[in-house]
Amino acid sequence: MNDPQALILPHPSDQAANLPAIVGDYTPRAVQCLEDWFFGEIANDNTRMAYERALRRFAAWSSVRRFTYRNMRSLHIREYVKQLEAEAAPATVKQHLAAIREMFNALMRAGEIDVNPAYSVKAPRMSVTTGKTPVLDAANAKHFLATIDTETIKGKRDKALISLMLYTFARVSAALKMETSDYFQHNDGFHVRLAEKGGKQRTIPAHSVLVELMADYLNTSGLRGTASPLWQTIDRKNGKLSGRRLQRQEVYEIIGDRAQEAGLKSVKYGNHTWRGTGITLFLENGGAMDMAQDIAGHADPRTTRLYDRRGERIKQNDIELIRL
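What counts as what
- Throughout, residues of each chain are indexed from 1 in the direction in which the sequence is written.
- pLDDT decides what is reported in this predicted model: residues at 70 or higher carry local features, side-chain atom pairs at 80 or more are listed and counted, and totals for whole chains, interfaces and linings draw on all residues regardless.
- Excluded from the side-chain calculation are hydrogens and water; included are all heavy atoms of the structure.
- Note on pairing: DSSP must find at least two bridges between two strands before they are called paired.
- Numbering of helices and strands runs from the N terminus; a helix is a DSSP stretch of H or I covering at least four residues, while a strand is a stretch of E covering at least two.
- Axes here refer to lines fitted to C-alpha atoms; in helices the fit is confined to the stretch in contact. Angles between the N-to-C directions go from 0 to 180 degrees.
- For a helix, the expected span equals 1.5 Å multiplied by the number of residues minus one.
- Only protein chains enter the accessibility calculation, which uses a 1.4 Å probe. A residue is then buried if its area is under 20% of the maximum for its type, exposed if over 50%, and partly exposed in between.
- Directions pointing from the helix axis toward each C-beta atom define the arc.
- Every case where a carboxyl oxygen of Asp or Glu lies within 4 Å of a side-chain nitrogen of Lys or Arg is listed as a salt bridge.
- As a per-residue measure, pLDDT reflects the predictor's confidence and takes values from 0 up to 100.
- The contact definition used throughout considers only heavy atoms, calling two residues in contact when any of these lie within 4.5 Å.

## Here we look at the sheet that holds strand 5 (residues 201–205)
Here we have three strands laid out as an open sheet, ordered 3-4-5, and antiparallel in their pairing. Of all the strands in the sheet, just strand 3 (183–186) and strand 5 have a single pairing partner and so form its edges. Across this sheet, the average inter-strand angle for adjacent strands is 35°, counted without regard to direction. Across four bridges, the pairing between strand 3 and strand 4 (residues 189–195) is antiparallel. Following the sheet pairing, tyrosine 183 is matched in strand 4 by valine 192.

## Things to note about helix 8 (residues 208–221)
For helix 8, spanning 14 residues, the distance from its first C-alpha to its last is 20 Å, which sits close to the expected 20 Å at 1.5 Å a residue. Of the positions making up helix 8, those classed as buried are Leu210, Leu213, Met214, Tyr217 and Leu218. Seen along its axis, helix 8 keeps its buried residues to an arc of 125°; they face one direction. Opposite the buried face of helix 8, by more than 90 degrees, sit the exposed residues Ser208, Glu212 and Asn219. One or two positions beyond helix 8, positive phi appears at glycine 222, with a value near 80°.

## Observations concerning the pattern of salt bridges
Here the structure, examined in full by the defined rule, presents 13 salt bridges. When the shortest N-O distance is used, the salt bridge between aspartate 158 and lysine 154 registers 3.1 Å. Within this pair, aspartate 158 and its partner lysine 154 are both found in helix 6 (residues 153–168), separated by four residues, close to a single helical turn. Classification of aspartate 158 by relative accessible area gives buried; the value is 1%. Linked through salt bridges whose partners overlap, the residues forming this network are Lys154, Arg157, Asp158, Arg258 and Glu261.

## What to know about the confidence of the model for the protein chain
With 84% of its residues at a pLDDT of 70 or more, the protein chain shows a mean pLDDT of 83. Low pLDDT (under 50) marks residues 1–17, which in the prediction has 35 contacts with non-local residues, meaning those over four places away or in another chain.

Take a look at the structure:
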């Protein structure tokens, strides 16, 4: 049996991209089928990265026990899931199990195995009515944005980007895919074009506050009228935009740093905070749930409701009703 580290399958066109594999010698047909599944069928980059993490963890666990994809049984995978449940949230366990199932499905299509050993393994039950993403109320959101120093191009960029996520409910991945042409004027107003999951595209009118911030950012940065990524890193040598597209982790760090500057240190705010804050404020101010769903680009209204935090806000006056 080979060293499991030697059984990582390279992308056919990119030797730097690796496909995790559990221990066992793959036939050429199995390799081709797994590559087609992992690099062809999984269209979303975020899903592929999540599946890669899941399968690498499963590969490490399998290699220690010397399991191969040919002798893997349902009881083995059930053992793995039970161990994972003690270490991770139910949603993470479900995602890892989904990745394992799909990998074995690909091996079945290749004729390498007759039965998918993960098929009968049940994921943990989930009953989630409210999401865990921390959101800001109107006062703290306003304070957060007000503390961003817009005398520099970095400040103008950060405030415009965060406001874009707030006023369009954009996922950070969709926001970062934007080119300068994806913020445009049509008829009497400006619009934001977002490329979402599954190849979907949606166009949203820009909020009046966002229009002002974008004008300041585009005019100062020199991006207006160019063909380039809309959200770029800053060149440390000259303090100007570098031309390199911002990445999600970098935005996460920006939001964390800005939260510290605003004195909001008790909660770890992230990229999704602004999507959730926008949805909650929209609903608090009388917006309809179905319209919030449309703006957010959610296929299922239950997903939109996860961002609705109106029920979490217990007022001091309510507590004072507890009297002796």
